[in-house]
Amino acid sequence: MCRRAFSMSIFWLGPIGVLSLAGLACQADPAGSEAPAAMAAYQEKMAPQQDAEPEPPAAQAMPVQVVGAQDAPPADVYDKIEEQVPDPLAERELVSAKVQDLTAEADKKKKAELKYLNTILSYLNKIDREQKVELSLAEVIRRALDNSYNIRVQSYNPAISATTVVEAEAVFDMIFFSNAIFSKSNTPTATTLAATDSTNRTFNTGIRKLLPTGMGVEIAWNVTRREFDSAFAFATLNPSYTNALMFQVRQPFLRGFGIDFNRSRINVTNNDRRISEHAFERAVQDHLLNSEEAYWRLVAARRNLVIEARLIAEFQKIYDFLYARREFDATQVEITQAKARLDSQVANFARVKQNVLDAEDSLKNFLNDPTLNLVDGIAIVPNEFLTAEPIALDRLAELQAALDNRQELHEAELGIESARINVGVAKNQALPRFDVVFNYAYDSLGKSQHDAFQNLSDLDFHNYRVQLQFEWPIGNRGARAALIRARRQHAQGLAALKQQIEAIILEVNVAIRELNTNYELIDANLTSVESRIEEVEAIEERAERMDPDQLNRELGARQGLASARRNLLVSLQNYNVAISRLERAKGTLLDYNNVVVGDSGGNR
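All values derive from a computational prediction rather than experimental measurement. All residue numbers refer to positions counted from 1 along the written sequence of the respective chain. Whole-chain, interface and lining totals are the exception, using all residues; otherwise, since this is a predicted model, local features are given only for residues with pLDDT of at least 70 and side-chain atom pairs are given and counted only at 80 or more. Calculated side-chain values reflect all of the structure's heavy atoms, with hydrogen atoms and water omitted.

Peer 1: Kindly report on the packing of aromatic side chains, identifying the contributing residues and their values.
Peer 2: Between the rings of Phe, Tyr and Trp (Trp by its six-membered ring), a pair exists once the centres lie within 6.5 Å; its type follows the angle of the planes, with under 30 degrees stacked, over 60 edge-to-face, and the other angles tilted. In this structure the tally under the stated criterion is eleven aromatic pairs. Ring plane angle 70° and centroid distance 6.4 Å describe the contact between Tyr 78 and Phe 385, whose orientation is recorded as edge-to-face. On the criterion of sequence distance, the pair formed by Tyr 78 in helix H2 (residues 77–84) and Phe 385 in the loop between strand S11 (379–382) and strand S12 (393–394) is long-range, its members being 307 residues apart. For every residue, the accessible area obtained with a 1.4 Å probe (protein chains only) is divided by the maximum for its type, and the residue is called buried under 20%, exposed over 50%, and partly exposed between those limits. Tyr 78 gets classed as partly exposed once you look at its relative accessible area, which sits at 25%. Between the aromatic rings of Tyr 123 and Phe 349, the centroid separation amounts to 4.9 Å while the plane-to-plane angle is 70°, which identifies the pairing as edge-to-face. Of the two residues, Tyr 123 sits in helix H4 (residues 108–124) while Phe 349 sits in helix H10 (residues 332–367), which places them 226 residues apart along the sequence. Strands here mean DSSP runs of E at least two residues long; helices mean DSSP runs of H or I at least four residues long; both are numbered from the N terminus.

This is the structure:
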């Protein structure tokens, strides 16, 4: 394919990081002489997904399918095209030079030619403004990436998704907890040995942490002060202080067990983050494609204005000639017909002028450049011409590139991976709960907090407890339904991936055919223009014999010439757009324009 190369520019783009941009000189790469190991990747992706996949067969070499023109156009093809569809600035410069040469002439025929040229100038000046900015396609791409609101908005999504990864990882962070309880009770008793009034103050603090295996670990320190009212209070510590240092471990062995289960949310959010990054790249590619199309649309709109200005001047010239012969052999019908055609072209010019202004505003809207806002009437002058260079493509290589690079396929594969993880989670949640809980504690007692803490350091009193917990919902319908849903979502993702692959192959095939068709139309339309020119010249020779009927024929011939020029311009525009659309269909438009997307940490 044709690669674009230009000087590197690196700049920040929102929270996601940097975009590196390089420019736009077209360099033809030679077509690959060998097909890639062909559709092996495609066949693998299209093969039915099973729990135990068979070993894929060895890839066989497939013939290269070269499509598109391979011969370079004639050396003078650009001169011919530029002559037929020039830019308004170049046409104004050429016509102005001719006007200066003819101004001093007094010949009547020269005066008619002078009026013809001044008519062209008057219509070209209708889009002329004091402020002009010349832009190359490379500059358009740079400004679009630097200032586009659309890209700036989309660039936040990967950064937002990155926070969900941190949020998922935070489940393994240590948690510090602390609580204080005050309770007072006044209950009747059947014996004077028991207190009726009691006051308890409890303070508990510690840390807990979840491990990747699902084990929960907790260490806590408990302080309790108890004061009560009893006839035998003198025989006990009143108030009493107890301290306890407690350890607890809870390990699930069925539901909730395993590193894969406990890290599943982290893995899914990581996939979501990567999906958002691919989606951002897609958004950048779409914006680049829209910007390039807007640029070429403006190029074509400006050059079409020259075609229309020439046609109006030619119609005016013929009408003036017929009107001058109204007393001789020009009938009123012929004059009226010529005038009607002239008025129709003048009215049509208003739409042509609007198309230029609309194309400028559309390009400005994609750029969002503060120096080229929509309020100021700044004219944008594209300084690049539409390429007519042939491109020879290896169809299989283009398809392989699309299957390797399309962001939609990467997103679908990540979605399938997340669905597979969710199947594992659903399987785990369908298991019964069986947890083993182990508690170990050191206790102490004292008449003051100091005594209780000091006694705790002796580690004289300790106890432990082992607890087995089992739970299984009868029927387990909810978990089973969730597992069935997860499996079906996984199968749905596989089917969607195959559908996406087929859609991409179709898109690439259509893009290749569109590219080839428009290239063929360039040569055909250029030939048509040359034939129309010969037709006009032949009619002009007969018109010099003052035949009004021949002049009316010339009107039709010049309309045909203008139509052929428009067709040539449209085919050139569509060919250049088709090049970018093919790169977009392959998912390589960023590489084609030497644009690199990366985060601020340089990880991508």
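Peer 1: Now, about the environment of Ser 276: what can you tell me, with residues and values included?
Peer 2: Topologically, Ser 276 is positioned in helix H9 (residues 264–324). Here the alpha-carbon distance between Ser 276 and Pro 158, two residues 118 residues apart in the chain, equals 5.2 Å. Contact criterion: two residues are considered in contact whenever any of their non-hydrogen atoms come within 4.5 Å of each other. Residue contacts for Ser 276: discarding those within four places in its chain leaves Asn 157, Pro 158 and Ser 161. Identification of polar contacts relies on pairs of N or O atoms within 3.5 Å, with a donor-acceptor requirement for protein atoms, meaning one able to donate a hydrogen and the other able to accept it, and with residues adjacent in sequence counted only if both atoms are side-chain atoms. Within the structure, the side chain of Ser 276 is placed 2.5 Å from the backbone oxygen of Arg 273, a separation counted as a polar contact.

Peer 1: Before we move on, could you go through the sheet that holds strand S13 (residues 433–446) and cite the residues and values that matter?
Peer 2: Hydrogen bonds between backbone groups are what pair the strands of a sheet, and the pairing can be parallel or antiparallel. Within the open sheet, the six strands sit side by side as S7-S8-S9-S10-S13-S14. Their pairing is antiparallel. The sheet is open, and its two borders are formed by strand S7 (175–186) and strand S14 (461–471), each paired with just one other strand. Averaged over neighbouring strand pairs, the angle between their axes works out to 15° when direction is ignored. As defined by bridge partners, strand S8 (residues 197–210) adjoins strand S9 (residues 216–229) across 14 bridges and the pair is classed as antiparallel. When the bridges of S9 are listed, Thr 202 appears paired with Thr 224. When DSSP finds two or more bridges between a pair of strands, those strands are recorded as paired. To define axes, lines are fitted to C-alpha atoms, for helices over the stretch in contact only, and angles between the resulting N-to-C directions are given on a 0 to 180 degree scale.

Peer 1: I'd like to hear about empty space enclosed by the protein, residue by residue, with values.
Peer 2: Over the atoms, a rolling probe the size of a water molecule traces out where space has been left empty. Grid points spaced at 1 Å and placed over the protein atoms alone form the basis of the search, with a cavity being a set where a 1.4 Å probe fits but cannot get out and a pocket an open set showing protein on both sides within 12 Å along at least five of seven lines. Lining residues have an atom within 4 Å of a point. Grid points are joined across faces, edges and corners, and a volume is the space filled by probe spheres set on the points. Under the definition given, this model contains one cavity of 30 Å³ or more. Within this model, the largest cavity holds a volume of roughly 50 Å³. Secondary structure elements with two or more residues in the lining of the largest cavity: helix H3 (88–103) and S11. The biggest single contributor to the lining of the largest cavity is H3, with three residues. Classification convention: Asp, Glu, Lys, Arg as charged; Ala, Val, Leu, Ile, Met, Phe, Trp, Tyr, Cys, Pro as nonpolar; all other residues, Gly among them, as polar. When the residues that make up the lining of the largest cavity are grouped by side-chain class, the tally is five nonpolar, no polar and four charged.

Peer 1: Provide a residue-level description of the nonpolar core, including the pertinent values.
Peer 2: Within the largest apolar cluster, 103 residues are counted, with the highest numbers of intra-cluster contacts made by Ile 81, Leu 288, Leu 363 and Val 508. Ranked by residues supplied to this core, first place goes to H9 with 22 residues. Once residues lying within four places of it in the same chain are set aside, the contact partners of Ile 81 are Phe 385, Ala 388, Ile 522, Leu 526 and Leu 572. Take the buried Ala, Val, Leu, Ile, Met, Phe, Trp, Tyr and Cys residues and link them wherever side-chain atoms come within 4.5 Å; each set so joined is a nonpolar core.

Peer 1: Let's hear about the side chain of Asn 147: which residues, and what values?
Peer 2: Its location among the elements puts Asn 147 in helix H5 (residues 137–147). Other than its neighbours up to four places away in sequence, Asn 147 contacts Arg 152, Leu 367, Asn 368, Asp 369 and Pro 370.

Peer 1: Give me the environment of Leu 468: which residues, what numbers.
Peer 2: Counting through the fold element by element, Leu 468 comes out in strand S14. Since its relative accessible area comes to 59%, Leu 468 is described here as exposed. In the structure, Leu 468 is positioned 216 residues away from Pro 252 in sequence and 9.9 Å away in space, judged by C-alpha atoms.

The values are spatial; any link to function lies outside them.
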